[in-house]
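# Residue-level structural notes
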Amino acid sequence: MFILSTIEDLIQIEPEATGRPSAQAIKDAINTKFSNKIIQKVGLCICLFDILQTSEGLIGHGTGLVNVNVEFRMVVFRPFRGEILYGRIKSSNEEGIVIDVEFFNEISVPYQNLPKPCTFDHAEGVWIWRPDGAELFFDRGESVLFKVEHEEWFDQKPSVQQKDAHGNTITDIGGTAWRIIGSMEQSGLGPTLWWGEGNEETEQGGQEEADEDVDMGEEE
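In short, a report on the structure. Predicted, not measured: the structure shown is a model, and the values here were computed from it. (Residues numbered from 1 in each chain as written. Predicted model: local features only at pLDDT ≥ 70, side-chain atom pairs only at ≥ 80, totals over all residues. Heavy atoms only, no water.)

Attention now moves to the side chain of N67. Within the fold, N67 resides in strand β5 (residues 66–77). Among the residues examined, N67 registers a relative accessible area of 18% and is labelled buried. For N67, the side chain forms a polar contact with the side chain of Q12, separated by 2.9 Å. Residues in contact with N67, not counting those within four places in the same chain, are L10, I11, Q12, E56, G57, L58, I59 and G60. (Helix = DSSP H or I, 4+ residues; strand = E, 2+ residues; numbered from the N terminus. Buried < 20%, exposed > 50% of the residue type's maximum accessible area, 1.4 Å probe, protein only. Polar contact = N/O pair within 3.5 Å; in protein donor to acceptor, adjacent residues only side chain to side chain. Contact = heavy atoms within 4.5 Å.)

Shown next, in the form of structure tokens:
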């Protein structure tokens, strides 16, 4: 789920940060620039792991910014195909289910990747799996396990600022740059409550059988 990715970039340090130790100032500047940002074909940057090497700092003319070429490693969220992840159902619609893993919510499970037979209840706004006449709900906020099938990358459009009818500034950031496509159609995937209850019943049944065996042994 998490990998280390090596990045080389020009890091600019604000003049007010020059009073701090240089190593700390560089670390803070890297985290400010990259943390919680998506890099195309790399993934979602979480935080700085370590710095491999740096150049001498050069002060820019008229800005006071210290420019440093840095090679460093970032902790990146980039799950691999076939990986099983844990998350929660954020929302559902006719197209499928959106899953949130707390720090990333661009995870989509299309209806084709849900267990069959599965139907969407428009009144409740949830998908329902109906195996052998039973009804199992994909409720919002439910903890789920899902498998990563593939990923989609999109060219990010520049942000556009507009004014609404009241003169307030609205920033249109555009769509997402990266989306993960998952599935929940295999046994053991989907809401963990389904399988947890089944395991509990199995464990209880196994314990009862074990108790019977002990009783029979005592009778002998």
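Now that the structure is up, let's keep going.
For the structure on display, the rule yields 9 salt bridges. For E106, the salt bridge is made with R179, and the minimal N-O distance between the two is 4.0 Å. Of this pair, E106 sits in the loop between β7 (96–100) and β8 (107–110) while R179 is found in strand β15 (residues 178–183), placing the two residues 73 residues apart along the sequence. With a relative accessible area of 25%, R179 lands in the partly exposed category. (Salt bridge = Lys/Arg side-chain N within 4 Å of Asp/Glu carboxyl O.)

Within the fold, E149 resides in strand β12 (residues 143–153). Of the residues examined, E149 reaches a relative accessible area of 19% and is grouped as buried. Among the polar contacts made by the side chain of E149, one reaches the side chain of S183 at a distance of 2.6 Å. Residues within four places of E149 in sequence aside, it is in contact with R81, N113, I181, G182 and S183.

So, about helix α1 (residues 22–34). The end-to-end C-alpha distance of α1 is 18 Å, a good match for the 18 Å that 13 residues give at a rise of 1.5 Å each. Every buried residue of α1 is listed here: A25, I26, A29, I30 and F34. All buried residues of α1 fall inside an arc of 140° around its axis, so they share one side. Where the residues of α1 are buried, they touch β1 (2–13), β2 (38–39), β3 (43–54) and β5. A positive phi of about 65° marks N36, the residue just after α1. (Expected span 1.5 Å × (residues − 1). Arc of directions from axis to C-beta.)

Let us look at the nonpolar core. Formed by 25 residues in total, the largest nonpolar core has its most connected members in I97, F138 and M184. For this core, the elements supplying multiple residues, two or more each, are β6 (84–93), β7, β8, β9 (118–121), β10 (126–129), β12 and β15. Ranked by the residues each element gives to this core, the list is headed by β12, at 4 residues. Those residues in contact with M184 that sit more than four places away from it in its chain are I97, I99, V109, N113, L114, P115, F138, V144, L145, F146, L189 and G190. One finds I13, I30, F34 and F72 within the second-largest nonpolar core, a separate group that totals 17 residues. (Core = buried A, V, L, I, M, F, W, Y, C linked by side-chain atoms within 4.5 Å.)

Between K116 and P117 the backbone carries a cis peptide bond, its omega angle lying at 0°. One can find P117 in the loop between β8 and β9. One non-glycine residue, E102, lies in the positive phi region at around 75°. In this fold, E102 is placed in the loop between β7 and β8. Judged by relative accessible area, which is 77%, E102 ranks as exposed. Despite not being glycine, D132 shows a phi value in the positive range, around 55°. Inspection of the secondary structure puts D132 in the loop between β10 and β11 (136–138).

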